[in-house]
Amino acid sequence: MNTSKIINSNINAFKQQEGLMPEEAIKRFNGKTMEFADKILNSTSEEIIDFLKTKTKLIAQKPDSALYLFDNFLLYRSNGEASLQLEKNLELFKTSNITPKFVKYFQLGDNDFLSLLELSPNNVVPYRQAASQIPDNVKQKFVAELQKLNNTGLINRKIFTDKDLYFATKDNKNIIFADWSEINILSPQEKMQMDATLKNIKI
């Protein structure tokens, strides 16, 4: 099955429905996010790479990519293809409050890209740190969003395997999962199985 073709088709449908082009979409972000984006834009590649090494926390890594946390932002360093795929993935779920929001990407070098994501407009903490204080209805809302995702035939399997990629807003009103670099397309049988899994998921 051609994942890119399906994702591209869904992206086009969203754009037609929303009437929103990428250049206009960036206006949705607050001043703090745009200020941080401008700071990256006005930095050299060497300065950005040094910033990633010294000021951020590495929270996920694969052979060809790395995901960093800084404040309430995520910085995803990868090749161009992976950067584009992440943008497409997040575009699919931009109305969901359990995913970060794609802001902008920057080119650091030949096929070396940095994608800026807003994890949340509000301050965040690791989910493990806040889990006992988060109301059940907030947890149920997160699961309901996953069920909506499953109903479209898509899922992010990392949700079941890496609790370190869960974050919560400091007001305990929202749960966000950080890494959407990969999504999985489900067969009808897999959708049914996933539905049963989600009904019993514990977060």
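Here goes a summary of the coordinates provided. (Residues numbered from 1 in each chain as written. Predicted model: local features only at pLDDT ≥ 70, side-chain atom pairs only at ≥ 80, totals over all residues. Heavy atoms only, no water.)

## Description of the overall build of the protein chain
Then, in step 1: Across its full length, the protein chain holds eight helices and 10 strands.
Then, in step 2: Taken across its 203 residues, the protein chain has 46% of its residues classed as buried.
Then, in step 3: Sequence-distant contacts, at least 24 apart, represent 68% of the contacts inside the protein chain between residues at least 6 apart.
Then, in step 4: Looking at the protein chain as shown, the accessible area adds up to about 11,000 Å², and 48% of this sits on carbon and sulfur atoms. (Helix = DSSP H or I, 4+ residues; strand = E, 2+ residues; numbered from the N terminus. Buried < 20%, exposed > 50% of the residue type's maximum accessible area, 1.4 Å probe, protein only. Contact = heavy atoms within 4.5 Å. Areas by Shrake-Rupley, 256 points an atom, 1.4 Å probe, with all protein chains shown as cover.)

## Some remarks on the pairing of strand E8 (residues 166–169)
Then, in step 1: Here E8 shows no split at all, with Tyr166 and Ala168 on one side and Phe167 and Thr169 on the other all buried.
Then, in step 2: Pairing geometry for strand E6 (residues 124–126) and E8, over three bridges, is antiparallel. Considered in E8, the bridge of Val125 is made with Ala168.
Then, in step 3: Where E8 meets strand E9 (residues 175–177), three bridges bridge the pair, whose relative direction is antiparallel. For Ala168, the partnering residue across the bridge sits in E9 and is Ile175. (Pairing = 2+ DSSP bridges.)

## What about the sheet that holds strand E2 (residues 65–70)?
Two modes of strand pairing occur in sheets, parallel and antiparallel, and in both the strands are linked by backbone hydrogen bonds.
Then, in step 1: As summarised here, the arrangement of the five strands in space is E1-E2-E3-E5-E4, forming an open sheet in which the pairing is antiparallel. Every other strand in the sheet has two partners, leaving strand E1 (57–62) and strand E4 (101–109) as the edge strands with one partner each. Strand after strand, the sheet turns through a mean of 20 degrees between neighbouring axes, direction not considered.
Then, in step 2: Looking at chain direction, strand E3 (residues 73–78) and strand E5 (residues 112–118) are connected through six bridges and run antiparallel. Across the sheet, Leu75 pairs through a bridge with Leu116, a residue of E5. (Axes fitted to C-alpha atoms, helices over the stretch in contact; angles between N-to-C directions.)

## Looking at the packing of helix H7 (residues 136–151) against helix H8 (residues 188–199)
Then, in step 1: Direction vectors running N to C along H7 and H8 enclose 175 degrees, while the axes themselves pass 10 Å from each other. As far as their axial angle goes, H8 and H7 are roughly antiparallel. Taken together, the residues of H8 that come into contact with H7 (itself represented by Val143, Leu146, Gln147, Asn150 and Asn151) are Lys191, Met194, Asp195, Leu198 and Lys199.
Then, in step 2: Classifying every residue of the contact of H7 with H8 gives four nonpolar, three polar and three charged. (Parallel < 35°, antiparallel > 145°, perpendicular 65-115°, else oblique. Nonpolar A, V, L, I, M, F, W, Y, C, P; charged D, E, K, R; others polar.)

## Some thoughts on the packing of aromatic side chains
Then, in step 1: This structure, assessed with the given rule, holds 10 aromatic pairs.
Then, in step 2: A centroid spacing of 5.4 Å and a plane angle of 55 degrees characterise the contact between Phe93 and Trp180, whose relative ring orientation is tilted. Linking Phe93 in the loop between helix H5 (80–92) and E4 with Trp180 in the loop between E9 and strand E10 (184–185), this pair joins segments that are 87 residues apart in sequence. As far as burial versus exposure is concerned, Phe93 and Trp180 are alike and both buried.
Then, in step 3: With a centroid separation of 5.1 Å and 80 degrees between ring planes, the pair formed by Tyr166 and Phe177 is classed as edge-to-face. Of the two residues, Tyr166 sits in strand E8 while Phe177 sits in strand E9, which places them 11 residues apart along the sequence. Here Tyr166 and Phe177 have matching classes, each one buried.
Then, in step 4: Ring-pair connections join several aromatic residues into one group, and the members of that group are Phe93, Tyr127, Phe142, Tyr166, Phe177 and Trp180. (Phe/Tyr/Trp six-rings, centres within 6.5 Å; stacked < 30°, edge-to-face > 60°.)

## Some thoughts on the pairing of E2
Then, in step 1: Among the six residues in E2, five count as buried, and that is most of the element.
Then, in step 2: Bridge analysis of E1 against E2 gives five bridges, and the strand direction is antiparallel. Bridging across to E2, Leu58 finds its partner in Tyr68.
Then, in step 3: Pairing of E2 with E3, which is carried by six bridges, proceeds in the antiparallel orientation. Bridged to Ala66 within E3 is Arg77.
Then, in step 4: Where E2 hands over to E3, the hairpin turn is made up of two residues, of which Asp71 adopts a positive phi near 60 degrees.

## What to know about the pattern of salt bridges
Then, in step 1: The tally for this structure, following the rule as stated, stands at nine salt bridges.
Then, in step 2: Note that Arg128 is salt-bridged to Asp164, the shortest N-O span being 2.9 Å. Highlighted residues: Arg128 in helix H6 (residues 127–130) and Asp164 in the loop between strand E7 (154–155) and E8, separated in sequence by 36 residues.
Then, in step 3: Judged by relative accessible area, Asp164 falls into the partly exposed class, the value being 49%.
Then, in step 4: Between Asp179 and Lys158 there is a salt bridge, with the nearest N and O atoms lying 2.6 Å from each other. (Salt bridge = Lys/Arg side-chain N within 4 Å of Asp/Glu carboxyl O.)

That is the geometry; function is a separate question.
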